[in-house]
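Fold and contact review
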2 protein chains.
Amino acid sequence: MKPKLTLKHIAKELDVSISTVSKALRDSKEIGEDTRQKIKAFAKLYNYKPNNIALSLKNRKSKTIGIIIPEIVHHFFTTVISGVEKVANELGYNVLVCLSGNSFDKEVLNMEMLANGSTDGFIMSLAKETMQKQDYHHLEEAINQGMPLVLFDRVVDEIACDKVIIDDVIGAKKAVQHLIKIGCKKIALISTVDYVIVGKLRTQGYKKALEENGLSIDEELILKIEEIEDSEKKIGNFLKGKDVDGVFAVNEHFAISAIKALQENGKKVPGDVSVIGFTDGELSKRFIPSLTTVSQHGERMGEEAARMLIEKLERDVEEIENYKTIIVETELVVRNSTKHY
Amino acid sequence: MKPKLTLKHIAKELDVSISTVSKALRDSKEIGEDTRQKIKAFAKLYNYKPNNIALSLKNRKSKTIGIIIPEIVHHFFTTVISGVEKVANELGYNVLVCLSGNSFDKEVLNMEMLANGSTDGFIMSLAKETMQKQDYHHLEEAINQGMPLVLFDRVVDEIACDKVIIDDVIGAKKAVQHLIKIGCKKIALISTVDYVIVGKLRTQGYKKALEENGLSIDEELILKIEEIEDSEKKIGNFLKGKDVDGVFAVNEHFAISAIKALQENGKKVPGDVSVIGFTDGELSKRFIPSLTTVSQHGERMGEEAARMLIEKLERDVEEIENYKTIIVETELVVRNSTKHY
DNA sequence: TTGTAAGCGTTATCAG
DNA sequence: CTGATAACGCTTACAA
């Protein structure tokens with residue numbers, strides 16, 4: 001086991017000073033052509049690579065981005081990470097991933113961990129618990145310490161920072177409008193409780209679509225689900241014997257549970273009822289019938305978030321705060337769970 | 001924006017030396033009770049947290065683990081990450097995630113990046129390209145530099161290091177045996193090409209099960225797929241008009257494509273044909289019929305990998321090399337794509 | 001009991 | 001053109 005080569009080793013070996021080696025390797029023209037060549041040749045030969053940690057300490061920046069998300073066994077989040085990774089790598093950054101597991105405490109802990117030099121900035125989607133508590137002091141602290149933060153998907157108005165979201169309202173509206181266009185009149189909504197911001201927004205979109213098309217809003221046709229665990233049962237009960245011809249669900253899972261429930265009640269999808277989901281994962285693509293869905297372009301979101309963050313990181317000038325919110329457009333992907341017209 | 005508090009600041013503020021502060025905070029009994037209290041109180045008040053980078057440089061260890069995997073939008077890999085994250089966090093480590101995108105070059109680059117101090121060791125599943133090229137010099141280099149490496153899932157015999165794998169052969173055998181037990185006689189195999197080690201092993205298990213049960217191996221019933229893209233078509237063609245009563249597929253996707261193909265050919269699953277997949281993802285659980293599958297326990301694999309790696313990292317004594325291979329047992333999860341008996 | 005100094009690996013400034 | 005020195009933030013012999 002050979003220890004890592006350092007400038008010091010090279011200097012000793014070549015009988016020059018450390019700073020000469022450093023300069024030579026960075027092509028400083030202070031150094032004479034011949035010594036420079038000699039040093040570079042040696043470094044190449046023994047495959048010298050500067051130590052990132054030392055550089056981080058010196059430059060006071062780690063060139064790494066911290067991502068904190070609620071969970072990773074989750075298609076949408078992985079697409080976002082994938083996007084972040086891509087542009088981060090292109091721009092010479094590494095990606096440190098931490099999971100909050102939807103716990104407020106763990107989110108805070110992770111953030112504190114990473115804020116002590118490990119990371120130059122954060123890309124986050126907030127834990128459910130955090131949104132319930134509405135306690136964002138950890139985010140504020142990071143920002144106060146000069147660590148840029150980009151929030152995506154689960155964002156909050158209370159924090160002034162860059163954000164990447166999708167047009168949830170519009171996306172939901174598009175979905176419901178599609179249902180209306182293909183002839184649905186009694187459209188149910190399966191959403192999450194309101195403190196999950198995206199559930200709230202998608203509910204707004206649902207209502208807007210109905211209103212704009214002269215359909216009345218029937219609260220009886222709206223189900224709000226708290227826990228994912230018993231969602232299948234809840235959806236089953238909710239749909240049992242209900243007279244609907246369209247269902248809009250705010251995620252894949254609910255959509256599929258809806259389809260199952262409908263089929264168990266002897267209804268055909270899309271024959272009798274058309275169903276639309278949200279988020280375009282494996283399930284949507286491969287389920288039978290394949291799901292018509294509002295696709296979120298997670299990878300694009302990740303790319304945008306990374307780009308914004310790195311931009312902030314690289315302009316050292318402390319400019320006037322100027323926060324952007326990028327809205328990544330959703331796209332209605334029509335497949336087989338909705339009637340064609 | 002207040003800059004991060006350092007020992008230096010505290011020292012100046014309290015008019016003591018830096019080392020006094022350092023010692024006091026680490027509860028050295030060299031320091032007098034009163035000064036210690038004073039310093040600790042101050043530190044708490046202003047929320048002092050030591051700088052990780054400085055610690056890393058000093059201790060020559062980063063307390064972070066590098067994970068390099070082919071892709072992240074992939075259920076199995078995310079479960080593994082999840083497991084790694086869990087034990088890493090418990091033991092005070094961070095997790096740096098890099099994606100190779102199945103490219104050899106990117107795998108090498110990522111590894112070199114992280115090897116320069118960012119990471120104390122690696123947990124990896126190799127890129128497909130790497131396995132094809134059989135070029136493992138980057139792995140050897142890391143090991144030579146004293147960076148522990150744990151390989152999982154896509155491992156290679158050529159490299160001496162800790163490994164976490166599943167009992168692919170046994171798992172596949174179990175699956176096929178189950179098919180035999182419920183009465184299948186003509187069992188097809190849908191696998192990957194052989195350089196994907198798991199495909200090879202699962203094929204072995206398939207053959208073993210047949211042999212041990214006195215069934216002959218019919219190469220006509222074996223399909224090996226190179227690219228995931230056109231797998232659906234390939235499987236469709238393969239199964240068309242084929243007289244089978246059981247299908248064993250080496251992943252969820254192939255299994256589902258098989259079911260679709262069978263249904264399109266007017267066969268019922270599991271009525272006419274029983275189908276078993278591998279890997280227990282969302283698809284398997286929620287598809288209709290839900291998939292009987294060989295579950296891999298990715299999370300457990302991640303936990304084991306992290307534990308092994310950290311164990312190596314924490315015992316500084318350069319012991320005699322002693323590599324373990326942990327085999328995480330698979331489990332046959334019986335659901336509705338196979339006949340009950 | 002407290003402080004000084006060296007060192008982790010690097011770069012930047014300033015002398016020589 | 002080259003080298004010594006200080007600094008990034010922290011720990012730890014060793015001095016005082």
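Predicted, not measured: the structure shown is a model, and the values here were computed from it.

**Here we look at the overall build of chain A**
Secondary structure assignment for chain A yields 14 helices and twelve strands. A compact globule built from 341 residues would reach a C-alpha radius of gyration of about 20 Å, whereas chain A, at 26 Å, exceeds it by more than 25%. Considered along the principal axes of its C-alpha atoms, chain A spans approximately 85 × 40 × 35 Å. The buried share of chain A, reckoned over its 341 residues, is 54%.

**Structural notes on the domain arrangement of chain A**
All names here are of chain A. Under the domain assignment used here, chain A contains domain 1 (7–45), domain 2 (55–164 + 298–327) and domain 3 (168–296). With ten residues of domain 2 at the contact, the number on the domain 3 side is ten residues. Taking both sides of the interface into account, the surface hidden between domain 2 and domain 3 amounts to around 830 Å²; carbon and sulfur atoms contribute 59%. When the buried surface of domain 2 facing domain 3 is broken down by residue, His75, Lys128 and Asp153 rank first, second and third, together holding 47% of it. In this structure, the connection of domain 2 to domain 3 is made through zero salt bridges. Among the elements of the structure, helix 5 (75–90), helix 7 (128–133) and helix 14 (298–314) are those that each provide at least two residues to the side of domain 2 that touches domain 3. Per element, the largest residue contribution to the side of domain 2 that touches domain 3 is three residues, and it comes from helix 7. Class assignment of the residues belonging to the side of domain 2 that touches domain 3 gives a composition of four nonpolar, three polar and three charged.

**A word on the packing of helix 5 (residues 75–90) of chain B against helix 14 (residues 298–314) of chain B**
All names here are of chain B. Running from N to C, helix 5 and helix 14 cross one another at 40°; their axes reach a closest spacing of 6 Å. As far as their axial angle goes, helix 14 and helix 5 are oblique. When you trace helix 5 past helix 14, the crossing you get is right-handed. Of the residues in helix 14, those touching helix 5 at Phe76, Thr79, Val80, Ser82, Gly83, Val84, Lys86, Val87 and Ala88 are Gly298, Glu299, Met301, Gly302, Glu303, Ala306, Arg307 and Ile310.

**Some details on the protein's contact with DNA strand D**
In the region of DNA strand D, 27 residues are neighbours, and Thr20(A), Lys23(A), Gly32(A), Leu7(B) and Tyr48(B) sit closest. The sugar and phosphate moieties of DNA strand D supply 65% of its atoms located within 4 Å of the protein. Within the backbone of Ser17(A), a nitrogen or oxygen atom sits 3.1 Å from a phosphate oxygen of DNA strand D. Here a base oxygen of DNA strand D sits 3.4 Å away from a polar atom, N or O, in the main chain of Lys58(A). At the level of elements, helix 2 (18–25) and helix 4 (52–59) of chain A together with helix 1 (7–14), helix 2 (18–25) and helix 4 (52–59) of chain B are the ones that each hand at least two residues to the surface near DNA strand D. With four residues, helix 2 of chain B is the largest single contributor of residues to the surface near DNA strand D.

**Remarks on the interface of chain B and chain A**
With 53 residues of chain B in contact, the opposing surface of chain A contributes 53 residues. Its largest share of buried area at the contact with chain A, chain B owes to Ile53(B), Asn116(B) and Arg286(B), together 16% of the area lost on that side. The interface formed by chain B and chain A contains six salt bridges. Within the residue set of the side of chain B that touches chain A, elements represented by two or more residues are helix 4, helix 5, strand 2 (94–99), helix 6 (104–115), helix 8 (137–144), helix 12 (252–264) and helix 13 (282–286) of chain B. Along the lines of polarity and charge, the residues of the side of chain B that touches chain A split into 20 nonpolar, 20 polar and 13 charged.

**Concerning the sheet that holds strand 9 (residues 274–278) of chain B**
Residues and elements named next belong to chain B. Overall, mixed pairing links the six strands, which are arranged 7-6-8-9-10-12 in an open sheet. Two strands lie at the open edges of the sheet, namely strand 7 (222–225) and strand 12 (331–333), each paired on one side alone. Recorded for the sheet is a direction-independent mean angle of 15° between the axes of neighbouring strands. Relative to strand 9, strand 8 (residues 246–249) runs parallel, the two sharing three bridges. Residue Val247 lies in a different strand from strand 9, and its bridge partner there is Val275. Here helix 9 (residues 168–181) sits on the sheet in contact with strand 6 (187–192), strand 8, strand 9, strand 10 (292–295) and strand 12, set at roughly 165° to strand 9. Its contacts with the sheet place helix 12 against strand 6, strand 7, strand 8 and strand 9, and it is angled at close to 160° to strand 9.

**Notes on the relation of the copies chain B and chain A**
Each copy superposes on the other: chain B lies on chain A with an RMSD of 0.1 Å after a rotation of 180° and an axial shift of 0.0 Å. The superposition of one copy onto the other is thereby described by a two-fold rotation axis. Among all residues of chain B, the minimum C-alpha distance to the rotation axis is found for Leu96(B), at 2.2 Å. Both copies share a contact surface, since 100% of the interface residues of chain B are interface residues in chain A too.

**Overview of the UniProt feature "domain: HTH lacI-type" (unreviewed entry) in chain A**
As recorded in UniProt, the feature "domain: HTH lacI-type" (unreviewed entry) lies at residues 5–59 of chain A. Within the segment residues 5–59 of chain A, helix and strand shares are 67% and 0% respectively, and the terminal C-alpha atoms sit 20 Å apart.

**Section: the side chain of Asp245(B)**
All names here are of chain B. Inspection of the secondary structure assignment puts Asp245 in the loop between helix 11 (231–239) and strand 8. Among buried Asp, Glu, Lys and Arg side chains, Asp245 stands out as unpaired, with Lys186 the closest opposite charge at 4.9 Å. Among the polar contacts listed, one links the side chain of Asp245 to the backbone nitrogen of Lys185, at a separation of 2.8 Å. Among all residues touching Asp245, those that are not within four sequence positions of it are Gly183, Cys184, Lys185, Lys186, Ile187, Asp272, Val273 and Ser274.

**Notes on the packing of aromatic side chains**
All names here are of chain A. For the structure shown, the criterion picks out eleven aromatic pairs over all chains. Taken together, a centroid distance of 4.7 Å and an interplanar angle of 45° make the contact between Phe42 and Tyr46 tilted. Judged by relative accessible area, which is 15%, Phe42 ranks as buried. Here the aromatic residues Phe76, Phe77 and Phe152 are joined through ring pairs into a cluster of three or more. It is Arg202 that lies over the ring of Phe278; its NZ or CZ is 3.7 Å from the centre.

**Quick word on the nonpolar core**
Formed by 144 residues in total, the largest nonpolar core has its most connected members in Ile123(A), Ile190(A), Phe248(A), Ile123(B), Ile190(B) and Phe248(B). Membership of the second largest hydrophobic core comes to 41 residues, among which are Leu114(A), Met131(A), Met147(A) and Met124(B).

**Some details on the pairing of strand 1 (residues 64–69) of chain B**
Residues and elements named next belong to chain B. In terms of burial, strand 1 is a largely internal element, six of the six residues being buried. Burial of the side chains of strand 1 extends over both faces: Thr64, Gly66 and Ile68 are buried on one face and Ile65, Ile67 and Ile69 on the other. Here six bridges tie strand 1 to strand 2, and the two strands are oriented parallel to one another. Residue pairing for strand 2: Ile65 is matched across the bridge by Val95. Viewed along the sheet, the connection from strand 1 through helix 5 into strand 2 turns out right-handed. Note that strand 1 and strand 3 (residues 121–124) share four bridges and pair parallel. Opposite Ile65, over in strand 3, you have Gly121 as the bridge partner.

What counts, and at which threshold
Residues numbered from 1 in each chain as written. Chains lettered and ligands numbered in written order. Predicted model: local features only at pLDDT ≥ 70, side-chain atom pairs only at ≥ 80, totals over all residues. Heavy atoms only, no water. Helix = DSSP H or I, 4+ residues; strand = E, 2+ residues; numbered from the N terminus. Rg over C-alpha atoms; globule rule 2.2 N^0.38 Å. Buried < 20%, exposed > 50% of the residue type's maximum accessible area, 1.4 Å probe, protein only. Domains from an automatic or database assignment. Contact = heavy atoms within 4.5 Å. Buried area = accessible area lost by both parts, 1.4 Å probe. Salt bridge = Lys/Arg side-chain N within 4 Å of Asp/Glu carboxyl O. Nonpolar A, V, L, I, M, F, W, Y, C, P; charged D, E, K, R; others polar. Axes fitted to C-alpha atoms, helices over the stretch in contact; angles between N-to-C directions. Parallel < 35°, antiparallel > 145°, perpendicular 65-115°, else oblique. Left-handed = near helix turned anticlockwise from the far one by under 90°. Near = heavy atom within 4 Å. Polar contact = N/O pair within 3.5 Å; in protein donor to acceptor, adjacent residues only side chain to side chain. Pairing = 2+ DSSP bridges. Least-squares fit on C-alpha atoms with pLDDT ≥ 70 in both. UniProt positions renumbered as here; feature names shortened; annotations may be inferred. Lys, Arg positive; Asp, Glu negative; His and termini not counted. Phe/Tyr/Trp six-rings, centres within 6.5 Å; stacked < 30°, edge-to-face > 60°. Lys NZ or Arg CZ within 6 Å of the ring centre and 35° of its normal. Core = buried A, V, L, I, M, F, W, Y, C linked by side-chain atoms within 4.5 Å. Right-handed = clockwise from strand over helix to strand, strands pointing away.

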